[in-house]
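So the chains spell out like this:
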Amino acid sequence: MAEYIDVHCHLGDKAFHEDIDIVLAEATKGGVKACLVCAEFYEDFNGILKLCERYPKFLLPCLGVHPAQLAPNETNSELQPMRGATLLDLERAFPYIEENANKLAAIGEIGLDFTPWICGTSELREEQRAVFRKQIQLAKQLDLPVNCHSRSAGRPTIEVLKEQGADKVLLHAFDGNVKVAMHGVQLGYFFSVPPSVVRSEQV
């Protein structure tokens, strides 16, 4: 049987709270040997570390501030509104990450998300870049890889990674074009692709 490592998952999500043992048993049957469990929000951090402590060497924690953060739900909509990450989001995250650095497999999920309803202005995009740069710098300081998101921002994400001298990089669910991806390959980056690749005209 082929063996796999799931390089990016969100098993800390509340959707898995009731059946995590079943999910992991099925993954093991399918040949999965380890999973990198990524954070999105500061509020995820403690739960992810505790979850990974329950399954040592199989679940590996990654902590970071995702480029898309929860926004106040002022209309009580069923759909949770999102906003771009800001430097303020790092103020609680960094001390926690530094304190637990020896437990981490990577810094993640970090990156850029230029989806218009999340990050629709040049000012907001530049703020996201600043957040991304800071987290890359922290990863380099801690000698950890980065697990990166790049929705609607494939080229800018690779540009910031290169500018910051990142060399231990996974670009998760990459949806940029082939030319941009090849630039990342030349820099030594690793890529995973989303299931939507089957509908891509580039394939």
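Residues numbered from 1 in each chain as written. Predicted model: local features only at pLDDT ≥ 70, side-chain atom pairs only at ≥ 80, totals over all residues. Heavy atoms only, no water.

A. Broad picture of the overall build of the chain. When its secondary structure is counted, the chain shows 6 helices and 9 strands. Here the C-alpha radius of gyration of the chain, 17 Å, is about what a compact globule of 203 residues would show, namely 17 Å. With the principal axes as the frame, the chain shows a C-alpha extent of 45 × 40 × 40 Å. A burial count over the chain gives 44% of its 203 residues as buried. A separation threshold of at least 6 residues defines the contact pool for the chain, and within that pool the share at least 24 residues apart is 66%. Of the roughly 11,400 Å² that the chain leaves accessible, carbon and sulfur atoms contribute 55%. Separation of charge centres in the chain, based on 20 positive and 28 negative side chains, amounts to 5 Å. (Helix = DSSP H or I, 4+ residues; strand = E, 2+ residues; numbered from the N terminus. Rg over C-alpha atoms; globule rule 2.2 N^0.38 Å. Buried < 20%, exposed > 50% of the residue type's maximum accessible area, 1.4 Å probe, protein only. Contact = heavy atoms within 4.5 Å. Areas by Shrake-Rupley, 256 points an atom, 1.4 Å probe, with all protein chains shown as cover. Lys, Arg positive; Asp, Glu negative; His and termini not counted. Charge placed at Lys NZ, Arg CZ, Asp CG, Glu CD.)

B. The packing of aromatic side chains, seen in detail. Applying the stated criterion across every chain yields a total of 4 aromatic pairs. Ring geometry for Phe 45 against Tyr 96: centres 5.7 Å apart, planes inclined by 50°, an arrangement best described as tilted. One end of the pair, Phe 45, is in helix H2 (residues 45-54); the other, Tyr 96, is in helix H3 (residues 90-99), and 51 residues separate them in sequence. Like Tyr 96, Phe 45 is buried. Ring pairs connect the aromatic residues Tyr 42, Phe 45 and Tyr 96, which therefore count as one cluster. Against the face of Phe 114 rests Arg 125, its NZ or CZ located 6.0 Å from the ring centre. (Phe/Tyr/Trp six-rings, centres within 6.5 Å; stacked < 30°, edge-to-face > 60°. Lys NZ or Arg CZ within 6 Å of the ring centre and 35° of its normal.)

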